[in-house]
Amino acid sequence: MTASASTGVPGIRDMLARLISLPSISSASPEWDHSNEGVVRQLAEWLEPLGFTVEIMEVPGMPGKFNLIATLGSGPGGLVLSGHTDTVPFDDKRWQSDPFSLTEKDNRWYGLGTCDMKGFFPLAIEAAKAFAGEPLQQPLIILATADEESSMNGARALAEAGKPKARYAVIGEPTNLKPVRMHKGIMMERLRFDGQSGHSSNPALGRNALEGMHEALGELLALRSEWQEKYRNPNFEVQVPTLNLGCIHGGDNPNRICAQCELHFDLRPLPGMNMDTLRQAILDRMQPLAERRELKLTFAPLFDGVPPFETPADAALVKACEKLTGHTAHAVAFATEAPWLQKLGLETLVMGPGSIDQAHQPDEYLELSQLQPTVDILKGLIKRFCL
Ligand SMILES: [Zn+2]
């Protein structure tokens, strides 16, 4: 490995090649799920010689999953550069190169996580190198989280622990270095009716869950229309909140009264919409319907959800990133850990190298032309918020 003489810390390419070689897939399927410990320990090994104080925290209830908080300097404010250490699973047959080795071709670096988002760490460390040994007025914190691609439990655990403390945070998710100050939330919900089966010739013999679901679908679509009339945000490509009916299963026979029916649907709330309020509004429509039809109602989230996120257009961090990049902050269609960093009181923005079009795709890559601009922008942010 080539290393900078003063610190022994490798250059960008060597760092990224090493991170890519360490599998850290996170997935709800146990056969895919990996520990991220290798990535976190490796980051610590590079950050400590630069003067960072490193804290590695295991995510409660998730053995083998770790968050890393590396802090350079001290003080009441400070800037967090944040990334997730995990990647999504991959389809080996659709990759032209080895997903776990960094392959350079056509001015791109290919590999699993190059763009989403292991590539951010070497660039953040490279930017930090320039300030190692300089007295910072406010701390610079490099934050590396676990399980962003699956449960977001790394970020959740940080919010619960009240760490890290700082004033500003940039999450380096791939946005082609354009600042992003809002995204929608993600909710995935499960609705189920249990009734009573019986012979189809006499409806009085049973309680039909499928008919209950038919009525429930009507209520859900009516709620969707109400929300779409009430909420609109022109910053988004899809300006209204969405509700997608994703899949439905129920019944077994044409001549049997359907005893159970289950629907899974997805909701994407706009900033300003509260997830608990939305769930309650749905429940308020479903409960009377279930009671009237004597159906047992189950309504539960399929996962905890990601809240919508928004940082005001006139926030200091938004203004600084717009100035450094020449781009007005905008909205994106994907969700991030930003809501949990906001919960920590951090003014938060999403901005990093690479394009979301390459994320979660075979032959994922990072354009080499994004490397130096990223380092320059991050140095600019460190100067603005830490010096
Ligand atoms: Zn990501």
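See above for the structure.
Note that the structure is predicted; figures quoted are calculated from it, not measured. (Residues numbered from 1 in each chain as written. Predicted model: local features only at pLDDT ≥ 70, side-chain atom pairs only at ≥ 80, totals over all residues. Heavy atoms only, no water.)

Trainee: What exactly am I supposed to notice about the state of the cysteines here?
Mentor: Taken as a whole and assessed by the stated rule, the structure comprises zero disulfides. The closest cysteine sulfur to the non-disulfide-bonded Cys321 is located on Cys386, 12 Å from its own sulfur. (Disulfide = S-S within 2.5 Å.)

Trainee: Help me out: how do you make sense of helix H5 (residues 209-230) in this one?
Mentor: For the α-helix, the turn length of 3.6 residues means that residues three or four positions removed from each other point alike. With 22 residues, H5 extends 31 Å between its outermost C-alpha atoms, agreeing within 8% with the 32 Å of an ideal straight helix rising 1.5 Å per residue. Against the buried residues of H5 lie strand E9 (187-194), strand E10 (242-250), strand E11 (260-268) and helix H6 (275-293). The backbone nitrogen of Leu210 lies 2.8 Å from a side-chain oxygen of the residue at the head of H5, namely Asn208. (Helix = DSSP H or I, 4+ residues; strand = E, 2+ residues; numbered from the N terminus. Expected span 1.5 Å × (residues − 1). Contact = heavy atoms within 4.5 Å. Polar contact = N/O pair within 3.5 Å; in protein donor to acceptor, adjacent residues only side chain to side chain.)

Trainee: What am I meant to see in the coordination of the zinc ion here?
Mentor: By definition of the ideal shapes, a tetrahedral metal site with four donors has angles of 109.5 degrees and an octahedral site with six donors has angles of 90 or 180 degrees. Around the zinc ion, the protein contributes the donor atoms His84 (NE2), Asp116 (OD), Glu173 (OE) and Glu173 (OE), which lie 1.8 to 2.7 Å from the metal centre. Note that the zinc ion binds four donor atoms; their angles at the metal cover 52 to 146°, and the shape is irregular. Taken in chain order, the donor set of the zinc ion reads H-x31-D-x56-E. Of this pair, His84 sits in strand E3 (residues 79-84) while Glu173 sits in the loop between strand E7 (168-171) and strand E8 (180-183); the two residues are 89 residues apart in sequence, bridging distant segments of the chain. The exposure classification of His84 matches that of Glu173, with both residues buried. (Donors = N, O, S within 2.8 Å, 3.2 Å for Na, K, Ca; no water. Tetrahedral: all angles 85-135°; square planar, octahedral: opposite > 155°, others 65-115°. Buried < 20%, exposed > 50% of the residue type's maximum accessible area, 1.4 Å probe, protein only.)

Trainee: Please clarify how the sheet that holds E10 should be interpreted in this entry.
Mentor: Judged by pairing direction, the sheet is antiparallel, and its four strands sit side by side in the order E10-E11-E9-E12 without closing on themselves. The sheet is open, and its two borders are formed by E10 and strand E12 (296-301), each paired with just one other strand. Averaged over all adjacent pairs, the angle separating strand axes in this sheet is 15°, with direction ignored. Two elements, E9 and E11, share eight bridges in a ladder whose sense is antiparallel. Along E11, the bridge assignment pairs Arg192 with Glu262. (Pairing = 2+ DSSP bridges. Axes fitted to C-alpha atoms, helices over the stretch in contact; angles between N-to-C directions.)

Trainee: Would you mind going over the environment of Pro179 with me for this structure?
Mentor: With respect to the helices and strands, Pro179 occurs in the loop between E7 and E8. With a relative accessible area of 0%, Pro179 lands in the buried category. The spacing of Pro179 and Cys321 is 142 residues in sequence and 6.3 Å in space, taken between C-alpha atoms. When near neighbours in sequence (up to four residues on either side) are disregarded, Pro179 contacts Cys321, Glu322, Thr325, His327, Thr328, Ala329, His330, Leu349, Val350 and Met351.

Trainee: How do you make sense of the nonpolar core when you look at a structure like this?
Mentor: Here is a general trend for soluble globular proteins: nonpolar side chains tend to be buried in one another's company. Core analysis: the biggest nonpolar cluster contains 56 residues, and Leu43, Phe52, Leu79, Ile125, Leu140, Ile142 and Leu381 have the highest contact counts within it. At eight residues, the largest contribution of residues to this core is made by helix H9 (residues 371-386). Filtering out sequence-adjacent residues up to four positions away, Ile125 remains in contact with Val9, Met15, Leu43, Trp46, Leu47, Leu50 and Ile142. Residues Leu191, Met213, Leu263 and Phe265 belong to the second largest nonpolar core, which totals 28 residues. (Core = buried A, V, L, I, M, F, W, Y, C linked by side-chain atoms within 4.5 Å.)

Trainee: I keep staring at the pairing of E3 and nothing clicks. Help me out?
Mentor: The side chains of a regular strand alternate, first on one face of the sheet and then on the other. Most of E3 is tucked away: six of the six residues are buried. Along E3, one buried face is formed by Leu79, Leu81 and Gly83 and the opposite face, lined by Val80, Ser82 and His84, is buried too. Relative to E7, E3 is paired through four bridges, and the arrangement is parallel. Within E7, the position partnered with Leu81 by the bridge is Val170.

Trainee: I'm lost on unusual backbone geometry in this one. Help?
Mentor: Phi is mostly negative for residues that are not glycine, and the peptide bonds are mostly trans. The omega angle of the peptide bond from Asp116 to Met117 is -20°, so this bond is cis rather than trans. Looking at the secondary structure, you find Met117 in the loop between strand E5 (108-110) and helix H3 (120-129). Here Lys163 and Pro164 are connected by a cis peptide whose omega angle stands at -5°. Among the structural elements, Pro164 can be located in the loop between helix H4 (153-161) and E7. For Asp106, which is not glycine, the phi torsion reads 50° and is therefore positive. Structurally, Asp106 can be placed in the loop between strand E4 (103-105) and E5. Classification of Asp106 as exposed rests on a relative accessible area of 54%. Of note in this structure, Glu294 is not a glycine but carries a positive phi near 55°. Here Glu294 shows up in the loop between H6 and E12.

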